[in-house]
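Observations on the model geometry
So the chains spell out like this:
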Amino acid sequence: MVTINPLAVPKGQVFNCALSGEPARIICPECRLVYYKGPEERELDWIGIHHRICKIIVSLNETKAMFPSEEEREKTAEVRRTKIRAILKIAKSEARKHLIASSFDLAVPAGLQALFYSKKLHGEKSIRNLEAYLLLAEANMGLNRHEMASRYLRFANWTTLKNPLCSSKLKSQLYRNFGKLHASQGRLMSAQKEFAKDVYYCSLEHGPEHIITASAYYHMAKTFFTMDKSGPALAFYSRILDIWLKFLIEEDPAEIENLSEAGKCEAEEIIQSIFVARIKHLGVDSVGVAEAAHVLGLMKIVNEKGTEGGKLLEDALGVLETKLGAKNPRVVMLKEKIEEQRAM
């Protein structure tokens, strides 16, 4: 730990904590460019993001901006922009990864770095800052910091209003986060309205039968369950399973491989939740549970959990063959997939 020596700080200069914004007492011993209130903040930032970008920050700071010719100055500026883009990409990726793992305390420092470097690259009012605001809003919701989450969402909404050409994709993400905030506050009718907007804009961007739109349906379903309306919730769950089954059995294998790690983890989490809900509402030996086990097994195989996935497919086959018969198309498809897995 490197402590800031007050006598070495120029008069009038204040160093603030990269995490809390409060006056800093220590500095990162690796790069000596990032400041913290104390060891706890430094450790959280290091695990959450700084260990991935520390060396790039050093390299960025070493890039000289003053050169005799305009051409060389422009080259240097482009080098800096390239390094900032690299930091921004890493910060967004780490924030998304932490959110999926429910490590909300780690998602905050990654989100803060994403916002800082997004503004540095694109400017304070750019629509491109929206994703960073949404990442921070979701992280703070996970920590039950509703006021802070609401603040970031207001910034995001203001950014959207100032940019009339904002894409349907970004609007979908914005309304989804407003829905999550209202749901966490128990404002379920408001949450449903926001999630409905999410579904609408997601469908505009990707189509109503796309796997990304399936995530929007999932949040609607969760709200229905919270309102004790299991009928519409289970109907949404059925649609989600149909979308993912079609994708996993019909899509080009290259497209499945191109799914991001974060996307694959989120999909497995959603399908696992549906599987558990169907056991509760339909019974463990029901066709509905077997259908969910089929899709969950396929998703686990995609996520390189072949043993777990194979077991789920075997369980699904046992129920579906008994209930639907050996010649049912889904049963035949299951048998072929199980044989394929055994041959690997």
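Heads up: these notes are all about the structure in this document. Please read these numbers as outputs of a predicted model, since none were measured by experiment.

Take the overall build of the protein chain next. From N to C terminus, the protein chain includes 14 helices and 3 strands. When the backbone C-alpha atoms are referred to their principal axes, the protein chain occupies close to 80 × 50 × 40 Å. About 18300 Å² of surface is accessible on the protein chain, with carbon and sulfur atoms providing 54% of the total. Across the protein chain, the centroid of the 49 positively charged side chains sits 7 Å from that of the 43 negatively charged ones.

As a further point, take the nonpolar core. Counting 51 residues, the largest nonpolar core has Tyr237, Ile240, Trp244 and Leu248 as the members making the most contacts within it. Taken together, the elements giving at least two residues each to this core come down to α7 (188-206), α8 (211-226), α9 (230-250), α11 (261-282), α12 (287-302), α13 (306-324) and α14 (329-343). Looking at which element gives the most residues to this core, the answer is α9, with 11 residues. Residue contacts for tyrosine 237: discarding those within four places in its chain leaves Tyr218, Ala221, Lys222, Phe225, Ser273, Ile274 and Ala277. Counting 46 residues, the second largest nonpolar core, distinct from the first, contains Cys54, Val108, Ala110 and Tyr133.

Turning our attention to the environment of arginine 25. Examined against the element boundaries, arginine 25 turns out to sit in the loop between β1 (2-3) and β2 (26-27). Considered as a pair, arginine 25 and glycine 48 are 23 residues apart in the sequence and their alpha carbons are 20 Å apart. Excluding residues that lie within four positions of it along the chain, arginine 25 makes contacts with Val2, Thr3, Ile4, Tyr36, Lys37, Gly38 and Pro39. A polar atom in the side chain of arginine 25 sits 3.1 Å from the backbone oxygen of lysine 37.

Looking at the secondary structure, you find histidine 294 in helix α12. A relative accessible area of 1% places histidine 294 in the buried class. Looking at histidine 294, its side chain comes within polar contact range of the side chain of arginine 330, at 3.0 Å. Contacts of histidine 294, omitting those with residues within four sequence positions, involve Leu245, Leu313, Ala316, Arg330, Met333 and Leu334.

Across the sheet, 3 strands lie side by side as β1-β2-β3; this open sheet has antiparallel pairing. Only two strands of the sheet have a single neighbouring strand rather than two, namely β1 and β3 (35-36). Here β2 runs beside β3; their pairing, made up of 2 bridges, is antiparallel. Residue pairing across strands places isoleucine 26 opposite tyrosine 36, the latter belonging to β3.

Throughout the structure, instances matching the rule amount to 27 salt bridges. In this structure, arginine 81 engages glutamate 74 in a salt bridge whose closest nitrogen and oxygen atoms are separated by 2.7 Å. You can call arginine 81 partly exposed: its relative accessible area is 27%. The network of salt bridges with shared partners includes Glu74, Glu78, Arg81 and Arg85.

Take α13 next. If you check α13, its first and last C-alpha atoms are 26 Å apart, about what 19 residues at 1.5 Å a residue would give, namely 27 Å. For α13, the complete set of buried residues consists of Gly309, Gly310, Leu312, Leu313, Ala316, Leu317, Val319 and Leu320. A positive backbone phi angle near 100 degrees is found at glycine 325, which sits one or two residues after α13.

The next thing to look at is the packing of helix α6 (residues 168-184) against α7. As a packed pair, α6 and α7 sit with axes 7 Å apart at the nearest point and diverge in direction by 160 degrees. On the basis of the axis angle, α6 is roughly antiparallel to α7. For the pair α6 and α7, the sense of crossing is left-handed. Of the residues in α7, those touching α6 at Ser168, Lys169, Lys171, Ser172, Tyr175, Arg176, Phe178, Gly179, Lys180, His182 and Ala183 are Leu188, Ser190, Ala191, Glu194, Phe195, Lys197, Asp198, Tyr201, Cys202, Leu204 and Glu205. Looking at the contact of α6 with α7, its residues break down into 9 nonpolar, 5 polar and 8 charged.

So, on to the environment of valine 79. One can find valine 79 in helix α2 (residues 70-100). Counting along the chain gives 184 residues from valine 79 to glycine 263, while the straight-line C-alpha distance between them is 31 Å.

Cut-off values and rules
- Residues numbered from 1 in each chain as written.
- Predicted model: local features only at pLDDT ≥ 70, side-chain atom pairs only at ≥ 80, totals over all residues.
- Heavy atoms only, no water.
- Helix = DSSP H or I, 4+ residues; strand = E, 2+ residues; numbered from the N terminus.
- Areas by Shrake-Rupley, 256 points an atom, 1.4 Å probe, with all protein chains shown as cover.
- Lys, Arg positive; Asp, Glu negative; His and termini not counted.
- Charge placed at Lys NZ, Arg CZ, Asp CG, Glu CD.
- Core = buried A, V, L, I, M, F, W, Y, C linked by side-chain atoms within 4.5 Å.
- Buried < 20%, exposed > 50% of the residue type's maximum accessible area, 1.4 Å probe, protein only.
- Contact = heavy atoms within 4.5 Å.
- Polar contact = N/O pair within 3.5 Å; in protein donor to acceptor, adjacent residues only side chain to side chain.
- Pairing = 2+ DSSP bridges.
- Salt bridge = Lys/Arg side-chain N within 4 Å of Asp/Glu carboxyl O.
- Expected span 1.5 Å × (residues − 1).
- Axes fitted to C-alpha atoms, helices over the stretch in contact; angles between N-to-C directions.
- Parallel < 35°, antiparallel > 145°, perpendicular 65-115°, else oblique.
- Left-handed = near helix turned anticlockwise from the far one by under 90°.
- Nonpolar A, V, L, I, M, F, W, Y, C, P; charged D, E, K, R; others polar.

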